[in-house]
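# What the coordinates show
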Amino acid sequence: MLRSFRSRCPKCRAMALTTVWLVSLLHLPGMENNIYLQTGVIMLIGLLAKTAILITEFAAERRAQGLSIRDAAFAACEERLRPILMTVVTMIAGMIPLIIAGGAGANGNRVLALGVTAGMAVGTLALLFVVPVFFIVFQKLHEKFQGQAVTAEAVPVEEAKAKIAEAGETIEEANDIIDDETTTKE
């Protein structure tokens, strides 16, 4: 998942930005920074990092399929929107009983639940807008300094076999030719 620097940067930048927004947001209503809030922040970092990783990986796959950088980033967000929203709504719905609960330990539960609820709402909105922007920036930088991404052209298996048979070559010879062509393109 974290194969290269360009893959890590959008995720790390988005997570840092989201964490800063979360801490700022939680200090507005005067919530205290205690172990419950810190536990919620750790949980949020994990969930939001998973979201950022999925968006970035989907965008990288779409880019490898030949889409432009911008289209790949937006297509990834579009494809992942429903699962992301399902995760967010489920997490927030799970925190509602902790927010309205009373009794012993209710203050700690409330701090955790409000922190997670606010963090999921703000963090998800931030990730849906920030991760694609960072992906576009870092992918452009990567392609500028490393060269254009190699995209694979899909050829149906039957068509490939027919071309090999026409040429009178064996599969091994065809693989050697393909390897030679791939090496010269890079």
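Our structure is the block above this text.
Residues numbered from 1 in each chain as written. Predicted model: local features only at pLDDT ≥ 70, side-chain atom pairs only at ≥ 80, totals over all residues. Heavy atoms only, no water.

### Points about the overall build of the protein
On a plain count of helices and strands, the protein comes out with six helices and zero strands. Along the protein, helices (α) and strands (β) appear in the sequence α-α-α-α-α-α when read from the amino end. Expressed as a percentage of its 186 residues, the buried residues of the protein come to 34%. Of all intrachain contacts in the protein linking residues separated by at least 6 positions in sequence, the fraction that spans at least 24 positions is 74%. (Helix = DSSP H or I, 4+ residues; strand = E, 2+ residues; numbered from the N terminus. Buried < 20%, exposed > 50% of the residue type's maximum accessible area, 1.4 Å probe, protein only. Contact = heavy atoms within 4.5 Å.)

### Description of the environment of I53
By the secondary structure assignment, I53 is in helix α2 (residues 35–64). As a C-alpha pair, I53 and V131 span 78 residues in sequence and 9.2 Å in three-dimensional space.

### Re the pattern of salt bridges
Side chains bearing opposite charge may pair, as long as their charged atoms lie close to each other. Counting across every chain of the model gives four salt bridges. Between E61 and R62 there is a salt bridge, with its nearest N and O atoms 3.5 Å apart. Of the residues examined, R62 reaches a relative accessible area of 12% and is grouped as buried. The partner of E143 in a salt bridge is R63, and the shortest N-O contact between them spans 2.7 Å. Taken together, the positions of E143 in helix α4 (residues 106–146) and R63 in helix α2 put the pair 80 residues apart, joining distant regions of the chain. For E143, a relative accessible area of 10% translates into the label buried. Within this structure, E61, R62 and E79 form a network of salt bridges that share partners. (Salt bridge = Lys/Arg side-chain N within 4 Å of Asp/Glu carboxyl O.)

### Focus on the packing of α2 against α4
Contact geometry for α2 and α4: axes closest at 8 Å, N-to-C directions at 30°. Taken together, α2 and α4 sit at an angle that is classed as roughly parallel. The handedness of the crossing between α2 and α4 is right-handed. Class assignment of the residues belonging to the contact of α2 with α4 gives a composition of 18 nonpolar, ten polar and two charged. (Axes fitted to C-alpha atoms, helices over the stretch in contact; angles between N-to-C directions. Parallel < 35°, antiparallel > 145°, perpendicular 65-115°, else oblique. Left-handed = near helix turned anticlockwise from the far one by under 90°. Nonpolar A, V, L, I, M, F, W, Y, C, P; charged D, E, K, R; others polar.)

Function cannot be read off these values alone, since they describe shape.
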